Amino acid sequence: MSETNITENAAGHEKFRKVDPNTGCIYYLYPNVKLGKSPTIFQNAIIGFPPRGKEIGELELVIGDNAVLRPFTTIYAGNQIGDDFQTGHCVMMREGNQIGNNVILGTNAVLECNNKFGDNITFHTLSCAGNATLETNCFIGPHVIMLDDPHPICPKYKECKGGAVVKSYARIGGNVTLLPGVIVGRDTLIGGGSTVTRDIPDHAVAAGNPAKVLTTVQEQKCYPGFYDVPYEWLDGANL
Ligand SMILES: CC(C)(COP(=O)(O)OP(=O)(O)OC[C@H]1O[C@@H](n2cnc3c(N)ncnc32)[C@H](O)[C@@H]1OP(=O)(O)O)[C@@H](O)C(=O)NCCC(=O)NCCS
């Protein structure tokens, strides 16, 4: 690419430059973005960037009310995102994702294509997922990797096992790997550093490589004694 082309391209992108009235920060808002009420946007966020092979503005991006987009967040066009969405610094979201309400993506989190997240999800720092399904109220610890291709780089991987499925109220510890297509059951707890190679039943505590069921969440102890059992503070939740 010649220097002239680079300058022209840069000028093309500069026309999408905006200033957030609350933060005073400069960010980039591409055409065909439906941004809800009261967003807070920090510097160099890029919102509605076109995926490879798509024109600027060709795909719609919807983001609900009260979004907080921290510095250097990039969200591609072709995503649907609910209310109360928050990103940490340098989050990257590619296209084809359906994201519910009250979802937090931690610093440096990466959502590849076609994930489905329900409401009330924390997807922590440095975690990464593609083609994954997370129901509701899931906690995904830091540096969790959700894989979707059993035999990389298979051209048929999208029709194969798919991404991980994480049921409601599951908690995934830090540095966990979920192999393609595994189902992590409802109200489960996966120990830090585990590799999940097989489905995990509802309410199980599982850990290790490969992850094995150790016990159930109901049988866990709160060692310092803050609670009779861990998660009793989730009073009223339909676990
Ligand atoms: C899995 C977990 C819930 C188990 O807690 P626990 O019931 O108190 O378990 P204990 O510490 O009594 O350990 C029970 C056994 O499981 C093993 N174990 C515990 N956690 C393990 C893990 N993450 N991976 C492999 N083995 C593990 C212990 O070594 C012990 O084995 P042993 O009986 O042979 O000595 C906990 O260790 C854990 O990993 N929590 C998640 C932490 C996390 O990632 N948080 C993220 C947010 S910061």
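In what follows, the accompanying structure is described. (Residues numbered from 1 in each chain as written. Predicted model: local features only at pLDDT ≥ 70, side-chain atom pairs only at ≥ 80, totals over all residues.)

1. Digging into the overall build of the protein chain
Phase 1 of the analysis: Counting its regular elements, the protein chain contains one helix and 28 strands.
Phase 2 of the analysis: Computed over its C-alpha atoms, the radius of gyration of the protein chain comes to 20 Å, within 12% of the 18 Å expected for a compact globule of 239 residues.
Phase 3 of the analysis: The C-alpha extent of the protein chain, read off along each of the three principal axes, is 65 × 45 × 25 Å.
Phase 4 of the analysis: A buried classification covers 36% of the 239 residues belonging to the protein chain.
Phase 5 of the analysis: Pairs at least 24 apart in sequence give 25% of the contacts found in the protein chain among residues at least 6 apart. (Helix = DSSP H or I, 4+ residues; strand = E, 2+ residues; numbered from the N terminus. Rg over C-alpha atoms; globule rule 2.2 N^0.38 Å. Buried ≥ 20, exposed ≤ 12 C-beta atoms within 10 Å, placed from the backbone. Contact = placed C-beta atoms within 7 Å.)

2. Thoughts on the sheet that holds strand β20 (residues 145-146)
Phase 1 of the analysis: The strand order across the open sheet formed by 10 strands is β1-β2-β5-β8-β11-β14-β17-β20-β23-β26, and the pairing between neighbours is mixed. The strands lining the two open edges of the sheet, one partner per strand, are β1 (17-19) and β26 (195-196). (Pairing = 2+ DSSP bridges.)

3. Section: the sheet that holds strand β19 (residues 139-140)
Sheet strands pair by backbone hydrogen bonding; their relative direction is either parallel or antiparallel.
Phase 1 of the analysis: Spatially, β4-β7-β10-β13-β16-β19-β22-β25-β27-β28 is the arrangement adopted by the 10 strands of the open sheet, whose pairing is mixed. Two strands close off the open sheet at either side, each with one partner strand: β4 (40-41) and β28 (212-216).
Phase 2 of the analysis: Where strand β16 (residues 121-123) and β19 come together, two bridges link them in parallel fashion. Bridge pairing in β19 places Thr122 opposite Phe139.

4. So, the site of the ligand
Phase 1 of the analysis: Close contacts around the ligand come from 13 residues, with Gly141, Gly173, Gly191, Gly192 and Ala207 the closest.
Phase 2 of the analysis: The residue makeup of the shell around the ligand, split by class, is four nonpolar, nine polar and no charged. (Near = placed C-beta within 6 Å. Nonpolar A, V, L, I, M, F, W, Y, C, P; charged D, E, K, R; others polar.)

5. Structural notes on the environment of Glu112
Phase 1 of the analysis: Along the chain, the position of Glu112 falls in the loop between β14 (110-111) and β15 (116-117).
Phase 2 of the analysis: Taking the C-alpha atoms as reference points, Glu112 and Met146, 34 residues apart in sequence, are found 10 Å from one another.
Phase 3 of the analysis: Each residue touching Glu112, except ones within four places of it in the same chain, is listed here: Arg94, Ala129 and Gly130.

6. Structural notes on unusual backbone geometry
Phase 1 of the analysis: Residue Pro152 is joined to Ile153 through a cis peptide bond whose omega torsion reads 5°.
Phase 2 of the analysis: Position of Ile153 relative to the elements: it lies in the loop between β20 and β21 (165-166).
Phase 3 of the analysis: Here Asn209 and Pro210 are connected by a cis peptide whose omega angle stands at 0°.
Phase 4 of the analysis: Even without being glycine, Asn32 reaches a positive phi, approximately 70°.
Phase 5 of the analysis: In this fold, Asn32 is placed in the loop between β2 (26-29) and β3 (33-35).
Phase 6 of the analysis: In this structure, Tyr231 takes a positive phi of about 75° despite not being glycine.
Phase 7 of the analysis: Look at Tyr231 and you get partly exposed, because 17 C-beta atoms sit within 10 Å.

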